[in-house]
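What the coordinates show
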Amino acid sequence: MAKILLETLKGNPGEKVPFWFMRQAGRYLPEYREVRSTCPSFMDFCYSPDKATEVTLQPIRRYGMDGAILFADILVVPDGLGQQVWFETGFGPKLDPVATEETFSKLSMANFHDKVGNVYKTVSNLSSALPENVTLLGFAGAPWTVATYMIAGQGSKDHAAARQLGYGNPDLFGRILNMLVDATAEYLCRQIEAGADAVQIFDSWAAAIPETMFDEWIIKPTKAIVEKVRAKHSETPIIGFPRLAGAALARFVEETGVDAVSLDTGVPLEWAASEVQSKVCVQGNMDPHLVVSGGDLMVSEANRIMESLKGGAHIFNLGHGFVPETPPENVALLSETIKNFRR
Ligand code: CP3
């Protein structure tokens, strides 16, 4: 059986709209919470191939998505570089901040692949466990988004610490981004070598960056990763996701050379069809909060999204990840709606 998601990423869409959802493995599923409860540390959970494989497969069994996304986290990369990362319940990620020469000098690739090696093991487990029509997606965070966590030592609303370091000490900031480019490119290549069919680069915090800085912080690092991965694996599609980039999305697509792009919830679809989908495959873009209420509005919105993007390559997805309060039965209704649509 053909992998219709992979074919669509390569620019060969068929009658059906392939689908997967960001955070399709996660706390909205009781079977996820059950496995998750056996492992107090979230990072240890990401580094447990059997558990990570199991929770990746759970949504596929329930809903039959065309794509399975590796279960791990974007903060695996700073952890692999030697920055301590942990998750506090009710708070989120915590890291020992890297914002000075001294803290930066402690990071290196020396133990990277050993430290994150179990993620590659999860990918290879998945590549044999998944049904043959399901596309296996690897992923990493984009350097800018990962740097916002590394520099602040936690999540932040306006990414003040990263922006201020970027303006105030562009040399150090540039070296942090370069280290992330090299690590991320190697990390994605290893995932592809372990069996990932395609990879997505999450730039969740690409919002409201001045255009000159958008080039330096978002486009250049992403383009460098795309070039490095493509030099080794020219056939593997690369999906970008500069979330909330607004009109800069069109330039992102042209300049980075990604094969596909994920649209956040706010991207107008008529604009996306003419300015973005005319060049690359698009994914998106249902509001994850609409899946919390579900019902007729969710169904009609899903159909509107698929109608609006049926003129080119489209993979159905959310505009951002599922939230924990999502009722699993609404995901079932959404999945059926997508499966029944014909272009
Ligand atoms: O199903 C999937 O999408 C695959 C797994 C996945 C996770 N995180 C699992 C996860 C993926 C692709 C990510 C990416 C990720 N992680 C991003 C980029 C995408 C986005 O959501 O914008 C970011 C910014 C992170 C960092 C991160 N991880 C934060 C801020 C948090 C805490 C917030 C929260 O929702 O609790 C996480 C934790 C996390 N990563 C969870 C999951 C399922 C929840 C933690 C848990 O189960 O205890």
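A brief report on the enclosed structure follows. Note that the structure is predicted; figures quoted are calculated from it, not measured. Per chain, residues are indexed from 1 in the order of the written sequence. Given that the model is predicted, a residue must reach a pLDDT of at least 70 before its local features are reported, and side-chain atom pairs must reach 80 or more before they are shown or counted; all residues, however, enter totals for whole chains, interfaces and linings. By convention in this description, side-chain values take in all heavy atoms of the structure and omit both hydrogens and water.

So, the pairing of strand β6 (residues 238-242)
As a reminder, the rule being used: Exposure categories follow from relative accessible area, calculated using a 1.4 Å probe and restricted to protein chains: below 20% of the type maximum is buried, above 50% is exposed, and the middle band is partly exposed. Secondary structure follows DSSP: runs of H or I at least 4 residues long count as helices, runs of E at least 2 residues long count as strands, and numbering of each begins at the N terminus. A pair of strands is treated as paired once DSSP finds two or more bridges between them. Every crossover in which the path from the first strand over the helix to the second runs clockwise, viewed with the strands pointing away from the viewer, is termed right-handed.
The buried fraction of β6 amounts to five of the five residues, a majority that puts the element mostly inside the structure. Along β6, one buried face is formed by Ile238, Gly240 and Pro242 and the opposite face, lined by Ile239 and Phe241, is buried too. Judged from the five bridges that link them, strand β5 (residues 198-203) and β6 form a sheet pairing that is parallel. Residue Ile201 lies in a different strand from β6, and its bridge partner there is Gly240. Traced from β5 through helix α11 (residues 211-232) to β6, the parallel crossover comes out right-handed.

Re the environment of Trp205
The cut-off we apply is this: Whether two residues are in contact is decided by their heavy atoms, any of which lying within 4.5 Å being enough.
Of note, Trp205 is situated in the loop between β5 and α11. For Trp205, a relative accessible area of 23% gives the class partly exposed. With residues near it in sequence (within four places) discarded, Trp205 still touches Trp144, Thr145, Thr148, Tyr149, His159 and Arg243.

Comments concerning the layout of surface pockets
Put simply, the test is: The way it works is a 1 Å grid over only the protein atoms, where trapped points that fit a 1.4 Å probe form a cavity and open points with protein on both sides within 12 Å along at least five of seven lines form a pocket, and then any residue with an atom within 4 Å of a point lines it. Grid points are joined across faces, edges and corners, and a volume is the space filled by probe spheres set on the points. Each residue is assigned to one of three groups, with Ala, Val, Leu, Ile, Met, Phe, Trp, Tyr, Cys and Pro labelled nonpolar, Asp, Glu, Lys and Arg labelled charged, and all others, Gly among them, labelled polar.
Considering only enclosed or pocket space, the largest pocket measures out at about 1,400 Å³ in volume. Around the largest pocket sit 41 residues that line it, and Arg23, Arg27, Phe42, Asp73 and Phe87 are the ones nearest its centre. Contributions of two or more residues to the lining of the largest pocket are made by α2 (30-36), β2 (85-88), β3 (92-95) and α8 (143-152). Among the residues making up the lining of the largest pocket, the classes are represented as 23 nonpolar, 12 polar and six charged. A volume near 200 Å³ is recorded for the second largest pocket. Lining the second largest pocket are Met1, Ala2, Ile4, Lys16, Val17, Phe19, Gly64, Asp66, Asn133, Ile338 and Lys339. When its residues are assigned to classes, the lining of the second largest pocket shows six nonpolar, two polar and three charged.

Examining the sheet that holds β6
In plain terms, the rule: Note on method: axes are straight lines fitted to C-alpha atoms, helices fitted across the in-contact stretch only, with angles between N-to-C directions ranging 0 to 180 degrees.
Spatially, seven strands are ordered β1-β4-β5-β6-β7-β8-β9 in an open sheet, and the strand pairing comes out parallel. In this open sheet, the two edge strands, each paired with only one partner strand, are β1 (67-69) and β9 (314-318). Direction aside, neighbouring strands of the sheet carry axes that sit 25 degrees apart on average. Here β6 pairs with strand β7 (residues 260-262) via two bridges, running parallel. Across the sheet, the residue bridging to Ile239 is Ala260, located in β7.

Describing the site of the ligand
This is how it is decided: Whether a residue is near a molecule or strand depends on its heavy atoms: if one lies within 4 Å, it is near. A 3.5 Å cut-off defines polar contacts: any pair of N or O atoms within that distance qualifies, except that in protein one atom must be a possible hydrogen donor and the other a possible acceptor, and neighbouring residues in sequence count only when both atoms are side-chain atoms. Accessibility throughout is a Shrake-Rupley quantity obtained with a 1.4 Å probe, and a residue counts as covered only by protein chains that appear here. Assignment to a cavity or pocket requires that more than half of a molecule's atoms be within 2 Å of the site's grid points.
Near the ligand there are 21 residues, and of these Arg27, Tyr32, Asp73, Ser204 and His320 occur at the shortest range. Backbone polar atom of Gln24 to an oxygen atom of the ligand: 3.2 Å apart, as the coordinates give it. For the ligand, a nitrogen atom lies 2.7 Å from a polar atom in the side chain of Asp73. Calculation on the ligand without its partners gives an accessible area of 880 Å², and the protein chains cover 86% of this total. Among the detected pockets, the ligand sits in the largest pocket. Tallied by class, the residues present in the shell around the ligand amount to 14 nonpolar, three polar and four charged.

Looking at the pattern of salt bridges
Applied cut-off: The salt bridge criterion pairs a side-chain nitrogen of Lys or Arg with a carboxyl oxygen of Asp or Glu, the two atoms within 4 Å.
Scanning the entire structure with this criterion turns up 17 salt bridges. Taking the shortest distance from any N to any O, the salt bridge between Lys3 and Asp197 comes out at 3.0 Å. Here Asp197 lies in the loop between α10 (170-193) and β5 and Lys3 lies in the segment before α1 (4-9), a separation of 194 residues in the sequence. Residues Glu336 and Lys339 are paired through a salt bridge, measuring 3.5 Å at the closest nitrogen-oxygen approach.

What about the environment of Val261?
Residue position: Val261 is located in strand β7. Placed 23 residues apart in sequence, Val261 and Gly284 show a C-alpha to C-alpha distance of 8.8 Å. If we ignore the near neighbours within four places in the chain, the residues touching Val261 are Ile239, Gly240, Pro242, Leu249, Phe252, Val253, Val276, Val280, Cys281, Val282 and Gln283.

So, to be careful, I would describe these as geometric facts and stop short of saying anything about function.
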